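Here's the letter readout for the chains.
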Amino acid sequence: MTTLKAKLHDDLTAAIKARDELRSATLRLTLSAIGYEETAGKTARELSDDEVLKVITREVKKRREAADAFEKGGRADSAERERAEGEVLAAYLPAQLSDEELTALVAEAVAEAKAGGAEGPKAMGAVMKIVKPKVGNRAEGGRVSAEVKRQLA
C-alpha cells in the first residue's frame, strides 16, 4: 500500500524523466510544502494521507487565488501557468461533489440542525458542524459555507 506522498515522489521522478517541466515543478513545490508541514511543530513526523490531502487542497487553492490575481493584473500567461499547476494537483484530490450533491448534503444538515432547535442565520455554526464531516475534502470550505448561507437565508 503506497502512501499518497510516495505516489507524489514516484510521479515526480516520472515527470523529470519525461522532461515535463510544469508537472515536475508543481510536484516539487508540493512535496516541499508537505516536507515543511512535517517539520513544522515540536517534533518531525510523517503526515497521514489525509494530512497530505489537506496540504494539496491548500496548494490548489493558492494556485487558484494566484491565477485570479494575475488575471486581474493583466498577466494572462502567469494566470494560465497557475491554473495548469492547479489542475496537476487537483488530479490527486478525491472527486469533488457536484452542486446537486452538495445541496442535498447541506439540506440534510439544515434539517438536522432544525431538529436540534437551531434555525435561521444563527444556525450557521451548527449546520457547518454537521455538514463538514460529511463533505470531508470533497468540497472546499468556501463552497460549503456559501451553500449553507444560501439555504439558511
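Refer to the structure presented above.
Not measured: the values here are computed from a predicted model.

Trainee: I'd like to hear about the overall build of the protein, residue by residue, with values.
Mentor: Secondary structure summary: the protein contains 7 helices and 0 strands in total. When the helices and strands of the protein are placed in sequence order, the string is α-α-α-α-α-α-α. In terms of its C-alpha atoms, the protein occupies a principal-axis envelope of roughly 55 × 45 × 30 Å. Sorting the 153 residues of the protein into buried and exposed places 35% on the buried side.

Trainee: Describe the pattern of salt bridges, listing the residues and the values that go with them.
Mentor: On inspection of all chains with the given rule, the structure shows 16 salt bridges. Its salt-bridge partner being K62, residue E59 comes within 3.1 Å of it at the nearest N-O pair. One end of the pair, E59, and the other, K62, are both in helix α3 (residues 49-72), 3 residues apart, so they sit about a helical turn from each other. Overall, the relative accessible area of 45% leaves K62 in the partly exposed class. Close ionic contact of R150 with E147 constitutes a salt bridge, the shortest N to O distance being 2.8 Å. Here R150 pairs with E147, and both are found in helix α7 (residues 141-152), just 3 residues apart, close to one helical turn. Among the residues examined, R150 registers a relative accessible area of 52% and is labelled exposed. Looking at E147, the relative accessible area reads 10%, which means it is buried. Because the salt bridges share partners, they merge into one network encompassing E21, E59, K62, R63, R81 and E85.

Trainee: Mind laying out helix α2 (residues 21-39), listing which residues take part and the relevant values?
Mentor: Spanning 19 residues, α2 covers 27 Å between terminal C-alpha atoms, matching the ideal 27 Å at 1.5 Å per step. Looking at α2, one finds that the buried residues are S24, A25, T26, L27, T30, L31, A33, I34 and E38. Here the buried face of α2 lies against α1 (4-17), α3 and α4 (76-90). Looking one or two residues past α2, G41 carries a phi angle of roughly 120°, positive in sign.

Trainee: Summarise the packing of helix α6 (residues 124-135) against α7; cite the residues concerned and give the values.
Mentor: One way to put it is that α6 packs onto α7 with a least axis distance of 10 Å and a crossing angle of 135°. Here α6 is positioned oblique relative to α7, judged by the angle of their axes. The element α6 and its partner α7 pack so that their crossing is right-handed. Judged by residue contacts, M124, V127, M128, V131, K132 and V135 of α6 engage G141, V144, S145, V148, K149 and L152 from α7. Looking at the contact of α6 with α7 residue by residue, the classes come out as 8 nonpolar, 2 polar and 2 charged.

Trainee: Which residues make up the packing of α1 against α2, and what values do they have?
Mentor: It is at 9 Å that the axes of α1 and α2 come closest, and there the two elements cross at 150°. The angle between α1 and α2 falls in the class roughly antiparallel. Crossing angle aside, the handedness with which α1 passes α2 is left-handed. Residue-level inspection shows K5, L8, H9, D11, L12, A15 and I16 of α1 in contact with α2, the latter providing R23, S24, L27, R28, L31, I34 and E38. Looking at side-chain class alone, the contact of α1 with α2 contains 7 nonpolar, 2 polar and 5 charged residues.

Definitions and cut-offs
- Within each chain, residue numbers correspond to sequence positions counted from 1 in written order.
- Totals for whole chains, interfaces and linings use all residues, but because this is a predicted model, local features are given only for residues with pLDDT of at least 70 and pairs of side-chain atoms are given and counted only at 80 or more.
- To obtain the side-chain values, all non-hydrogen atoms of the structure were used and water was disregarded.
- Segments assigned H or I by DSSP are reported as helices when at least four residues long, segments assigned E as strands when at least two residues long, and all are numbered from the N terminus.
- Between buried and exposed lies partly exposed: a residue is buried under 20% and exposed over 50% of the maximum accessible area for its type, with that area taken using a 1.4 Å probe on protein chains only.
- The term salt bridge refers to a side-chain nitrogen of Lys or Arg lying within 4 Å of a carboxyl oxygen of Asp or Glu.
- An expected span of 1.5 Å times one less than the residue number is assigned to each helix.
- The contact criterion used is simple: two residues touch if any of their non-hydrogen atoms lie within 4.5 Å.
- Under this scheme, a helix contributes an axis fitted over its contacting stretch, all axes are lines through C-alpha atoms, and angles between N-to-C directions fall in the 0 to 180 degree range.
- An angle below 35 degrees is treated as roughly parallel, one above 145 as roughly antiparallel, one from 65 to 115 as roughly perpendicular, and anything else as oblique.
- For a crossing to be left-handed, the near helix must be turned anticlockwise from the far one by less than a right angle; the clockwise case is right-handed.
- Here the nonpolar group is Ala, Val, Leu, Ile, Met, Phe, Trp, Tyr, Cys and Pro; Asp, Glu, Lys and Arg are the charged ones; every other residue, Gly included, is treated as polar.

Keep in mind these numbers describe shape, not what the thing actually does.
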